[in-house]
Amino acid sequence: MHTRPRIFPATLTAIALALSALATVTGCSSNPRIEAESAEIAERNDQLTEAQIVVLIASDPEADPDARREALITIATSTAGDEPVYLDFYRATLADVNLDPTVAAVAAAALANHGTPADTGRLTPLLTRDESFLRWQAAVSLQRLHNPQAVGPLITAATGDEDPDVRMAAATALGQYPRREVFDALTTVLDDRDYGVSRAAREALSLMTQHDAGDDPRAWRDYANTNSSTLFDQPGPFTYTPYPPSRGLLSSIILFWQTPVAEPEFPTGYTPPREDEG
């Protein structure tokens, strides 16, 4: 039987303190994969709580990737998911060069939901990974954090990624950066062979200019040349739509026939334009 890596007591104590909310929200036995891993850990040490076991699984590089991913989701979606100790945990997880790509995708989503604009540098390298779903998650995550350092990698993804879903997500993310280099890149994306990608580029261009020149890149370039000094004077506010929020038991019983609608949100670090600008 192999020996799993040990976690330093101070680290485990800090994590355990932040787990008070997590422990009241969920137990690890609710997920079959976590249950299998936790049974093995509990057999070796009966002093750990269920919440601590979830953290051990999420941080164990030798754990089953499915169990590790589910444990990380449990942490990130709990009311304690934005605690500083967990932000450092998401960052450390992404720093693992041998990290399973499905676990990396969850860590990227967690960092986008709870992190800061400075974390974009941890997400942009994922845009070049071999796995298309991980590149897509990185592009989607960069819609939630505003940092001009992401512009270059996003342009590369929007104009050159082989997966249309990645190109579409990157084009959408670029809509929060009204600048000429982004504008020029998006006009080339209008010629994308995938309609969804072309549509995303058109919507991003319309948002940053408050103008719609259609699907013809030449029309957009002519408009830009004619209005170069005022092209981005009145950009529209960029928002992303979160996934529908989970509901409590009472809400599920009373409103079971309704689909919850999440309100659009501004990216972290983004300052929306004032209505009187321009």
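Conventions used here
- Residues numbered from 1 in each chain as written.
- Predicted model: local features only at pLDDT ≥ 70, side-chain atom pairs only at ≥ 80, totals over all residues.
- Heavy atoms only, no water.
- Core = buried A, V, L, I, M, F, W, Y, C linked by side-chain atoms within 4.5 Å.
- Buried < 20%, exposed > 50% of the residue type's maximum accessible area, 1.4 Å probe, protein only.
- Helix = DSSP H or I, 4+ residues; strand = E, 2+ residues; numbered from the N terminus.
- Contact = heavy atoms within 4.5 Å.
- Expected span 1.5 Å × (residues − 1).
- Arc of directions from axis to C-beta.
- Salt bridge = Lys/Arg side-chain N within 4 Å of Asp/Glu carboxyl O.
- Axes fitted to C-alpha atoms, helices over the stretch in contact; angles between N-to-C directions.
- Parallel < 35°, antiparallel > 145°, perpendicular 65-115°, else oblique.
- Left-handed = near helix turned anticlockwise from the far one by under 90°.
- Nonpolar A, V, L, I, M, F, W, Y, C, P; charged D, E, K, R; others polar.

(A) Up close: the nonpolar core. Counting 64 residues, the largest nonpolar core has Ile75, Tyr90, Leu154, Val182 and Leu186 as its most contacted members. In terms of residue count, the dominant contributor to this core is helix α7 (residues 101-114) (8 residues). With near-sequence residues (within four places) excluded, Val182 lies in contact with Val151, Ile155, Leu174, Tyr177 and Met208.

(B) Up close: unusual backbone geometry. Even without glycine at this site, Gln210 takes up a positive phi of about 55°. Following the sequence through the fold, Gln210 ends up in the loop between α13 (195-209) and α14 (217-226).

(C) Representation of helix α5 (residues 65-76). For α5, spanning 12 residues, the distance from its first C-alpha to its last is 16 Å, which sits close to the expected 16 Å at 1.5 Å a residue. Counting buried residues in α5 gives 9 out of 12 residues, a clear majority hidden from the surface.

(D) Region of interest: helix α10 (residues 151-160). Every buried residue of α10 is listed here: Val151, Leu154, Ile155, Ala157 and Ala158. The buried residues of α10 all sit within an arc of 165° when viewed along its axis, so they share a single face. Set apart from the buried face of α10 by more than 90 degrees, the exposed residues are Thr156 and Gly160. On the buried face of α10, the contacting elements are α11 (164-173) and α12 (180-189).

(E) Structural detail: the pattern of salt bridges. The tally for this structure, following the rule as stated, stands at 14 salt bridges. Where Arg180 meets Asp184, a salt bridge forms, and the shortest distance between an N and an O atom there is 2.9 Å. Of this pair, Arg180 and Asp184 both sit in helix α12, 4 residues apart, which is roughly one turn of the helix. On the accessibility criterion, Arg180 (33% relative accessible area) is partly exposed. Since its relative accessible area comes to 34%, Asp184 is described here as partly exposed. Across the pair Arg202 and Asp212 runs a salt bridge whose closest N-O atoms are separated by 2.9 Å. A residue pair is termed long-range when its members are at least 10 positions apart, and Arg202 in helix α13 and Asp212 in the loop between α13 and α14 qualify at 10 residues. The partly exposed category is assigned to Asp212, whose relative accessible area is 44%. Each of Asp88, Arg91, Asp119 and Arg122 takes part in a single network of salt bridges with overlapping partners.

(F) The arrangement of the packing of helix α4 (residues 50-59) against α5 in detail. It is at 8 Å that the axes of α4 and α5 come closest, and there the two elements cross at 125°. Relative to α5, the element α4 lies oblique. Considering the relative orientation of α4 and α5, their crossing is left-handed. Residues Val54, Val55, Ile57, Ala58 and Ser59 of α4 lie in contact with α5, whose contacting residues are Ala67, Arg68, Ala71, Leu72, Thr74 and Ile75. Broken down by class, the residue content of the contact of α4 with α5 amounts to 8 nonpolar, 2 polar and 1 charged.

(G) Main features of the environment of Gly236. Structurally, Gly236 is set in the loop between α14 and α15 (249-254). Residues contacting Gly236, with those up to four places away along its chain left out, are Leu207, Gln210, Tyr270 and Pro273.

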